[in-house]
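Read off the chains here:
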Amino acid sequence: MPTEAATQAMSILRDGSQFSWYVIPLLALVFYVYAVEVERRNWNLVFGGLAFWGMDWFNEIWNGLVFHFSGYAPVWGAPADTAFLILIGLNIEICFMFAIAGIAFGKLLPADAGMKILGIPNRLFIAGAGSIFCVIVEYFLNSIGALTWDYSWWNRDAPWLIFLFGYLTFFVVSFWVHDMKTIRAKVTALGAIYGVDILGLLVFGAFLNWI
């Protein structure tokens, strides 16, 4: 039997009547952030940002599948007020946030990939620090009911999986794509990430209606 939070989220899933006009300036902000980096030809940031966003889509797909197969709850849910709930744990506001988060964190990367911070390779240090910051934000969102957790292995008392699979993978893949030497390599990596995402959305969403 679904939890109360899961039931609430499903009641507004892809409900167009939830729409609010503030979505449009948020969309414009995402376009502007990418347009600025394209204008400056900061391809590392552009591709790194898109990789970060693509990893979030991957997580949201398997999260939706957890709810489908368990019939109980997703690993995380987003039942609170939103302009549009895309998947059970992904609303339009979260989606736009992740679309630009990779660029924001990418701007923190030193030009010298070999430089160390407190004896730790800077990419790994920033990935870890960024993940901890994001987990803290999730704690706050959970405390006010905006983001729900219903499993004992994914909650405030067990943050390890949230840290590792909720965020660290995003940062590691984003920074890996950021540091690739050629545009071709970056495009290939993004093609693989988004290929899996699009296939998952089509198969599990459009065709099977599981997510």
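For the structure, check the block above.
Owing to the predicted nature of the structure, the values given are computational and were not obtained by experimental measurement.

(A) Representation of the overall build of the chain in the model. The number of helices and strands found in the chain is 7 helices and 4 strands. The globule rule puts the C-alpha radius of gyration for 211 residues at 17 Å, and the 18 Å found for the chain is close to it. Across the 211 residues in the chain, those meeting the buried criterion constitute 47%. Taking contacts inside the chain between residues at least 6 apart in sequence as the whole, the part at least 24 apart equals 69%. As presented, the chain carries roughly 11,000 Å² of accessible surface, and 72% of it is formed by carbon and sulfur atoms. Looking at charge distribution, the chain has the averaged site of its 10 positive side-chain charges lying 17 Å from that of its 14 negative ones.

(B) Here's a closer look at the state of the cysteines. Overall, the coordinates contain 0 disulfides when judged by the stated rule. The structure places no disulfide on Cys-95, whose sulfur is separated from the nearest cysteine sulfur, that of Cys-134, by 15 Å.

(C) A look at the nonpolar core. The biggest cluster of nonpolar side chains holds 31 residues, and the ones touching the most others in it are Trp-149, Tyr-167 and Phe-171. Looking at this core, the elements that each hand over two or more residues are helix 3 (43-70), helix 4 (92-106), helix 5 (122-143), helix 6 (160-178) and helix 7 (183-207). Ignoring anything within four residues of it in the chain, the contact list for Trp-149 reads Val-75, Trp-76, Glu-138, Tyr-139, Asn-142, Trp-154, Asn-155, Arg-156 and Ile-162. Counting residues in each nonpolar core, the second largest holds 18 residues, with Val-33, Trp-57, Leu-65 and Leu-87 among its members.

(D) The arrangement of the packing of helix 5 against helix 6 in detail. Between helix 5 and helix 6, whose axes approach to 9 Å, the crossing angle comes to 140°. In terms of orientation, helix 5 lies oblique with respect to helix 6. Viewed along their axes, helix 5 and helix 6 form a crossing whose handedness is right-handed. Residues Arg-123, Ile-126, Ala-127, Gly-128, Gly-130, Ser-131, Ile-132, Cys-134, Val-135 and Glu-138 of helix 5 lie in contact with helix 6, whose contacting residues are Ile-162, Phe-163, Tyr-167, Leu-168, Phe-171, Phe-175 and His-178. In terms of residue class, the contact of helix 5 with helix 6 is built from 11 nonpolar, 4 polar and 2 charged.

Criteria and cut-off values
Residues numbered from 1 in each chain as written. Predicted model: local features only at pLDDT ≥ 70, side-chain atom pairs only at ≥ 80, totals over all residues. Heavy atoms only, no water. Helix = DSSP H or I, 4+ residues; strand = E, 2+ residues; numbered from the N terminus. Rg over C-alpha atoms; globule rule 2.2 N^0.38 Å. Buried < 20%, exposed > 50% of the residue type's maximum accessible area, 1.4 Å probe, protein only. Contact = heavy atoms within 4.5 Å. Areas by Shrake-Rupley, 256 points an atom, 1.4 Å probe, with all protein chains shown as cover. Lys, Arg positive; Asp, Glu negative; His and termini not counted. Charge placed at Lys NZ, Arg CZ, Asp CG, Glu CD. Disulfide = S-S within 2.5 Å. Core = buried A, V, L, I, M, F, W, Y, C linked by side-chain atoms within 4.5 Å. Axes fitted to C-alpha atoms, helices over the stretch in contact; angles between N-to-C directions. Parallel < 35°, antiparallel > 145°, perpendicular 65-115°, else oblique. Left-handed = near helix turned anticlockwise from the far one by under 90°. Nonpolar A, V, L, I, M, F, W, Y, C, P; charged D, E, K, R; others polar.

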